[in-house]
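# Structure assessment
What follows is each chain in one-letter form.
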Amino acid sequence: MASFDVVAEAGEARRGQLQINDRTLETPHLFPVINFYGGGNEGALFGGGVHRTIKEFLAHDNEVTGGEDYSDLFNGVMTSISSLADYGIREKKLEWYLDNEIREWDCFSDYDGMIFADSGGYKILKQGGLEGEDFEKDIDQDKALDIQLDLGPDIVVNLDHPIHPDDEFEERIEKMEQTAANAARFAERRDEVNGACYLTVHGYYEAMLERSFDLIEDELAEPIPEAFDGIALGSLVPRKDNVEVLVEAVSDCKREMQQRGYDDLPLHVLGISGNAMPLLVAVGADTFDSASYLHQAINGKYCVNLFETVPIDEANFDDCECRICNDDFHRARMRNEMDDLYQKDILGSVAAHNLAVQQRELRKFRQLIAEADKERVAEYLEEAVKDQKGFRKFAYQLINERINPYFEETDTTYA
Amino acid sequence: MHKTPQVNEVNEFIEIASDFEDPLEVIREALSNSYDAGATQVDIKIEQDAEGRNTLIIKDDGHGMDEDDLSSFFDLGNSNKDDAIGYKGHGTKIYYKSDKIRVETVTDGTRIESVMDQPWAKLNDRELPTYSIEETESDEPSRTRIEVHGFRAGQGFDPRKLTYNKIEHYIKWKTIGGSTAWHFGDDFHEMDINVELSPTIDDTQDQIETDNRLQFPPENRDPEGEFVAEEMCKHYPPRELTVTLDDSRELTIEVVGMVGGKEARNKLPTYGKHSAQFGIWLAKDHIKVERYNDAIGADNEFFHFFFIANCQDLELSANREKIRNKSGDVYQSITDELNRYMTKVCQDSWYRNYIERRKLENKQRSIQSQGSSLEERLQHTKDQGGLSPSNPAEVIAALERYSANGSPETLEIADFRLDEEVNAIVDTDEGYKNAALQVKLSDFFENETPLTHIDRFICWKLGDLDALTKIERSSYLGKPIRFDFSNNEVTYGDENKKTIPVLELADKV
């Protein structure tokens, strides 16, 4: 049903194929976050604004795509049950949404990518459940999985209780214990899932991750690799701007997986993308998810590369190699040169471009890993960060210590 | 009508000759000229006669000068060189600040003797000095000898202020004698340098005998001992960095350097304030010009580093003291690339280990001074017979003493000082003990406080056990540590292991 094959490695970076039923995904991969239900009806693709435009890209709406096929941007997408109630819907509408799986609706029937259904633990726990205009639903592991399964997902993940850097020790332990209990309940129902089951773990360094794994193992009736098809590392969003912490967390999680013999499982990093991605791939992360492409567009920001954005009216499309920027239709949209354009039309193209930029970097990385040459990987990372003053020291440290030391012992004898 | 701008030649000569402030610059010019003449040996002698007049004699075995070369030697702005030192034809004009210049040079079977009388006096009389030329045939090997009589420069050339020590360090610091070119091969040739001062100037040592190589102190990467960071030293091998400018021009930056502690750095030559000469130097012709310590970022202290980054695309002011093209993209590209390179050095595992070791040793040193301060505190505590609260925290501690009544052992706070690393002295059944009093034990370790003087831990609760496990795995202040909470103790150290009991009050009160 679900398998993950590593097809090439360069240092700790790996290229893989995630196979779930008849769908295959090349990793490393970024799952763009899609809000499939944005408060609207089917005719409006259940939503409005840029969210709707993105879904129109995904559903090949020629008026939005300009007739080109951009489905490769959406080979695998992430959605969350908490997004169902983002627009204050009534309970009747929620039920209507959940009556059909996503691909059973006409508008998404052609969509053939993978759907990763997150439980949305962070949001749900913060709000205390799922809350609409006329309903409040407490969400526990069973209810979360019921809703996830109603979406018709390829990957589901247990309801987790994310930790926070400021949590007191006892609070953190409590959350980890709740996550472990949820994971155990989730595992009991794994037969209901026609796809891959991912397990969430939480922690910023080895000792925390060890505790997280230990607590889960204690709760589970079977070894983790028998109950789960992948590991999802969570709780990193509050530390998303601290690349040192991210690298430590991912690489310690990998080490913990190796020591426990789970190394064959794919490692997903929840909620992180952008400039940290190449470094996290370099220490062994396989997949990511993020809504940053969309939020940047909503804020009028056009990605120049993984590190820089400029206001859309300052963007130079000639400098970009992505298909969106090389398509006159989208250039005209992004420049607001067409009649009757709404913001969503302009920003939808920008969001697609932003996503294309992030995925382009991962595609490059996949090619480099295929060459199985860690020196090339180091060169790529070095080039990518060379003008990022604050960031590059972490990248150089990682290259130096983990990939290809700059000053080898043998290198230091004078001519 | 068109008019040609005029040059007042006399004023120009005066101006250029005066531009050299440091009398030692005459040595720099002489060494560079000899090197460019292919010399393998250059001898500089500075004499002073009974009337206090100075004579410089510079001899080399270079290829000598023909009449054209000699013209360039005396002319202004008419050099035979293209971009090396002296291409402006300014340097030798420093000799004009003298009573007489005599040049004797042999090249291709011709010996030329040339004399210029009273150049400085004539220039100041608004007269352009002239020089004589006398050619004879010679079968001698090529050579040049320059005598500058009655030389004065800058604030007045006072040889009595010169010493061998000063000159030697100047040569290694500011001239081609301190060149890093030898690391990079290309056009480098070795040149022996001798400098002799007349005994009336400095009779403390024999003449200077050196060469044109800047040598770093020997490597000492992993010395053994308790306080060794100061001796640590690592060389960073020569690297050629290439940068492509927007207009496709390529620049080459040749970097070589070392990182080292104080003892290692003290083995380097010194010119000026020792501490002010470390860091990252931009160089041209492999001679250091200006420091660019920004390349190592604010996280690192410049004095650990001594790197020389040479780039021939740097342009210098006439007296070579400053970089002239700082506002251009060439300088920007050089410094950008240098920033990247130095980031790599700063992320080198050895460097990080060196900094860590240095930090640990500094902590160990502070422990030694802490020891005597604690003894004083104990004496004071004994003298006054226990705690006399002076701040709220001390009152809390006193209450704690009260709470502890009925505990299996006597444990009384005898002294408490909030800001001290060992913040409490406790009176126990076994006598007075130094204690760390913490709300959470894990907070104590976050601050990396040394354990040397701590006999007891007293905390409300243990705190973040994961954070403590992390410390246990990575070592604490360079030594192994174990937290054994089943026995309520912390063990620390390798050979001289120390066990520190932990009292967690939350469970007991």
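Residues numbered from 1 in each chain as written. Chains lettered and ligands numbered in written order. Predicted model: local features only at pLDDT ≥ 70, side-chain atom pairs only at ≥ 80, totals over all residues. Heavy atoms only, no water.

In the nomenclature of an unreviewed UniProt entry, chain B is known as ATP-binding protein of Halapricum salinum.

Under an unreviewed UniProt entry, the name given to chain A is 7-cyano-7-deazaguanine tRNA-ribosyltransferase, and the source organism is Halapricum salinum.

### What about the overall build of chain B?
What counts, and what does not: Numbered from the N terminus, helices here are DSSP runs of H or I no shorter than four residues, and strands are runs of E no shorter than two. Three exposure classes are used, based on accessible area relative to the maximum for each residue type with a 1.4 Å probe and protein chains only: buried under 20%, partly exposed in between, and exposed over 50%. Residue contacts are defined here by distance: any two heavy atoms, one from each residue, within 4.5 Å place the two residues in contact. Note on areas: Shrake-Rupley, 1.4 Å probe, and residue coverage restricted to the protein chains presented here.
When you go through chain B residue by residue, the secondary structure sums to eleven helices and 20 strands. Residues classed as buried in chain B amount to 50% of the 509 residues present. Here the analysis covers contacts within chain B between residues at least 6 apart in sequence; of these, 63% occur between residues at least 24 apart. A total of about 24100 Å² of accessible surface is found on chain B, and carbon and sulfur atoms cover 44% of it.

### A closer look at the overall build of chain A
What counts is decided by this rule: The quantity called the radius of gyration is restricted to C-alpha atoms. Its globule counterpart is 2.2 Å times the number of residues to the power 0.38. The positive count covers Lys and Arg only, the negative count covers Asp and Glu only, and His and the chain ends enter neither. Each charge is placed at NZ for Lys, CZ for Arg, CG for Asp and CD for Glu.
Counting secondary structure elements, chain A contains 15 helices and 15 strands. Here the C-alpha radius of gyration of chain A, 21 Å, is about what a compact globule of 415 residues would show, namely 22 Å. Its C-alpha atoms give chain A principal-axis dimensions of roughly 70 × 55 × 40 Å. Buried positions account for 58% of the 415 residues belonging to chain A. Taking the intrachain contacts of chain A between residues at least 6 apart in sequence as the baseline, contacts between residues at least 24 apart amount to 69%. If you sum the accessible surface of chain A, you get close to 16800 Å²; carbon and sulfur atoms cover 40% of it. Here chain A carries 41 positive and 85 negative side-chain charges, and the mean point of each set is 3 Å from the other.

### Some thoughts on a negative patch on the surface
Residue and element names in this part refer to chain A. Using the following cut-off: In this analysis, a patch consists of residues with relative accessible area above 30% that form no salt bridge, clustered at 9 Å for like charges and at 5 Å for the nonpolar side chains Val, Leu, Ile, Met, Phe, Trp and Tyr. We define a salt bridge as a side-chain nitrogen of Lys or Arg found within 4 Å of a carboxyl oxygen belonging to Asp or Glu.
Where like charges cluster on the molecular surface, the negative patch consists of Glu171, Glu174, Glu177, Asp218 and Glu219. Secondary-structure elements contributing two or more residues to the negative patch are helix H6 (169-188) and helix H7 (206-219). Ranked by residue count, the leading element in the negative patch is H6, at three residues. Tracing the chain through its elements places Glu174 in helix H6.

### Considering the packing of aromatic side chains
All names here are of chain A. This is how the line gets drawn: Here a pair means two rings of Phe, Tyr or Trp (six-membered ring of Trp) with centres within 6.5 Å. Their orientation is stacked below 30 degrees between planes, edge-to-face above 60, and tilted elsewhere.
The final tally for this structure, using the stated rule, is 42 aromatic pairs over all chains. Ring centres 5.9 Å apart and planes at 45° place the aromatic pair Phe213 and Tyr262 in the tilted group. With Phe213 in helix H7 and Tyr262 in the loop between helix H9 (243-260) and strand E12 (267-269), the pair connects residues that are 49 residues apart, well separated along the chain. In this structure, Phe213 and Tyr262 share a single accessibility class: buried.

### Here we look at the packing of helix H2 (residues 25-36) of chain B against helix H5 (residues 164-174) of chain B
Axes are the key here: two packed helices are described by the angle between their axes and the distance separating the axes. Residue and element names in this part refer to chain B. The test is simple: Angular values range over 0 to 180 degrees, each being the angle between N-to-C directions of two axes fitted as lines to C-alpha atoms, with helices fitted over their stretch in contact. For classification, angles of less than 35 degrees are called roughly parallel, those exceeding 145 degrees roughly antiparallel, those between 65 and 115 degrees roughly perpendicular, and all remaining angles oblique. If you view the pair so one helix is near and one far, a crossing is left-handed when the near helix is turned anticlockwise from the far one by less than a right angle, and right-handed when it is turned clockwise. Polar here means any residue outside two lists: the nonpolar Ala, Val, Leu, Ile, Met, Phe, Trp, Tyr, Cys and Pro, and the charged Asp, Glu, Lys and Arg; Gly therefore counts as polar.
Put simply, H2 and H5 touch, their axes get as near as 10 Å, and they point 55° apart. Judged on the interaxial angle alone, H5 and H2 are oblique. The element H2 and its partner H5 pack so that their crossing is right-handed. Contact residues: Glu25, Ile27, Arg28 and Leu31 in H2; Ile167, Tyr170, Ile171 and Lys174 in H5. Its residues assigned to classes, the contact of H2 with H5 comprises five nonpolar, no polar and three charged.

### Some details on the confidence of the model for chain A
Residue and element names in this part refer to chain A. Put simply, the rule is: What pLDDT conveys is the predictor's confidence in a given residue, as a value from 0 to 100.
In this model, chain A carries a mean pLDDT of 92, and residues with pLDDT of at least 70 account for 98%. Put simply, helix H4 (residues 121-127) is where chain A has its lowest mean pLDDT, 79, and E12 is where it has its highest, 98. In the model, residues 410-415 has pLDDT below 50 throughout and makes 17 contacts with residues more than four positions away in sequence or in other chains.

### Some thoughts on the interface of chain B and chain A
Note on interface size: it is often stated as the accessible area lost on association of the parts. Just so we agree on the cut-off: Between N or O atoms, a polar contact is any pair within 3.5 Å; within protein, one atom must be a potential hydrogen donor and the other a potential acceptor, and residues adjacent in sequence are included only when both atoms are from side chains.
Each partner contributes residues to the interface: chain B has 33 residues there, and chain A has 28 residues. The tally of links from chain B across to chain A stands at twelve salt bridges. Between Arg172 of chain A and Asp464 of chain B there is a salt bridge, and its shortest N-O distance comes to 2.5 Å. Where chain B meets chain A, there are 15 residue pairs in polar contact (both at pLDDT 80 or more). Counting only elements with at least two residues in the side of chain B that touches chain A, the list comes to strand E9 (233-244), strand E10 (250-260), helix H7 (329-346), helix H8 (349-384) and helix H11 (465-474) of chain B. Classifying every residue of the side of chain B that touches chain A gives nine nonpolar, nine polar and 15 charged.

### Topic: the side chain of Ser80 of chain A
Residues and elements named next belong to chain A. Tracing the backbone shows Ser80 in strand E5 (residues 76-80). Note on Ser80: relative accessible area 13%, which makes it buried. Aside from chain neighbours lying at most four places away, what touches Ser80 is Asp118, Ser119 and Gly120.

### Structural notes on the environment of Gly47 of chain A
All names here are of chain A. Its location among the elements puts Gly47 in the loop between strand E4 (29-32) and helix H1 (49-58). With a relative accessible area of 11%, Gly47 lands in the buried category. The sequence separation of Gly47 and Tyr37 amounts to ten residues, and the corresponding C-alpha distance is 6.1 Å. Dropping the residues within four chain positions of it, Gly47 is found in contact with Gly38, Gly40, Asn41, Arg52 and Lys55.

### Remarks on H2 of chain B
Residues and elements named next belong to chain B. Selection rule: Any helix carries an expected span of 1.5 Å times its number of residues minus one.
Helix length check: H2, at twelve residues, gives a terminal C-alpha distance of 16 Å against a target of 16 Å (1.5 Å per residue), a fit within 8%. Residues of H2 that are buried: Glu25, Val26, Ile27, Arg28, Glu29, Ala30, Leu31, Ser32, Ser34 and Tyr35. The inward-facing, buried residues of H2 abut strand E1 (41-48), strand E2 (54-60), H5, strand E7 (192-197) and strand E12 (287-291). Gly38, located one to two residues past H2, shows a positive phi value of around 80°.

### A short note on the confidence of the model for chain B
Predicted coordinates in areas of low pLDDT are best not read in detail. Predicted confidence across chain B gives a mean pLDDT of 85, with 88% of residues reaching 70 or more. Under the prediction, the complex receives an ipTM of 0.81, its pTM being 0.81.

### Quick word on the sheet that holds strand E11 (residues 279-284) of chain B
All names here are of chain B. This is how the line gets drawn: Between any two strands, pairing holds if DSSP finds at least two bridges.
If you trace the five strands from one edge of the open sheet to the other, you get E9-E10-E13-E11-E12, paired in mixed fashion. Edge positions in the sheet fall to E9 and E12, since each of these pairs with one other strand and no more. For this sheet the average axis-to-axis angle between neighbouring strands, irrespective of direction, equals 25°. Note: E10 against strand E13 (residues 305-310), six bridges, orientation antiparallel. In the strand pairing of E13, Val255 is matched with Ala309.

### Thoughts on the sheet that holds strand E6 (residues 143-149) of chain B
Sheet strands associate in pairs through backbone hydrogen bonding, adopting either a parallel or an antiparallel arrangement. Residue and element names in this part refer to chain B. Reading across from one edge, E5-E4-E3-E6-E2-E1-E7-E8 is the order of the eight strands in this open sheet, with mixed pairing throughout. In this open sheet, the two strands that pair with only one neighbour each are strand E5 (131-137) and strand E8 (208-211). Averaged over all pairs of adjacent strands, the angle between strand axes in this sheet comes to 10°, irrespective of strand direction. Strand direction decides the pairing type here: strand E3 (residues 100-107) and strand E4 (residues 110-117), joined by eight bridges, are antiparallel. Paired with Val106 across the bridge in E4 is Arg111.

### Let's talk about the packing of H9 of chain A against helix H15 (residues 389-403) of chain A
Residues and elements named next belong to chain A. One can describe the packing of H9 onto H15 by two numbers: an axis separation of 9 Å at closest approach and a directional angle of 30°. The pairing of H9 with H15 is recorded here as roughly parallel in orientation. The segment H9 lies against H15, with Val243, Glu244, Val247 and Ser251 engaging Phe391, Phe394, Gln397, Leu398 and Arg402. Here the contact of H9 with H15 is composed, by residue class, of five nonpolar, two polar and two charged.

### Focus: the environment of Asp138 of chain A
Residue and element names in this part refer to chain A. In this structure, Asp138 sits in the loop between strand E8 (136-137) and helix H5 (141-150). When the C-alpha positions of Asp138 and Lys92 are compared, they lie 17 Å apart, and in sequence the two are 46 residues distant. Contacts of Asp138, omitting those with residues within four sequence positions, involve Gly128 and Lys143.

### Observations regarding the pairing of strand E13 (residues 287-290) of chain A
Residue and element names in this part refer to chain A. What you see with E13 is no split at all: Thr287 and Asp289 on one side and Phe288 and Ser290 on the other are buried throughout. Judged from the four bridges that link them, E4 and E13 form a sheet pairing that is parallel. Paired with His29 across the bridge in E13 is Thr287. Bridging between E12 and E13 involves two bridges; their strand directions are parallel. From the neighbouring strand, Val269 faces E13, where its bridge partner is Phe288.

### A few points about unusual backbone geometry
All names here are of chain A. In this structure, the amide linkage connecting Thr27 to the following residue, Pro28, adopts the cis form with an omega of 5°. Note on placement: Pro28 falls in the loop between strand E3 (23-27) and E4. The phi dihedral of Asn336 falls on the positive side, at around 60°, and the residue is not glycine. The residue Asn336 is located in the loop between helix H12 (328-334) and helix H13 (343-370) in this model.

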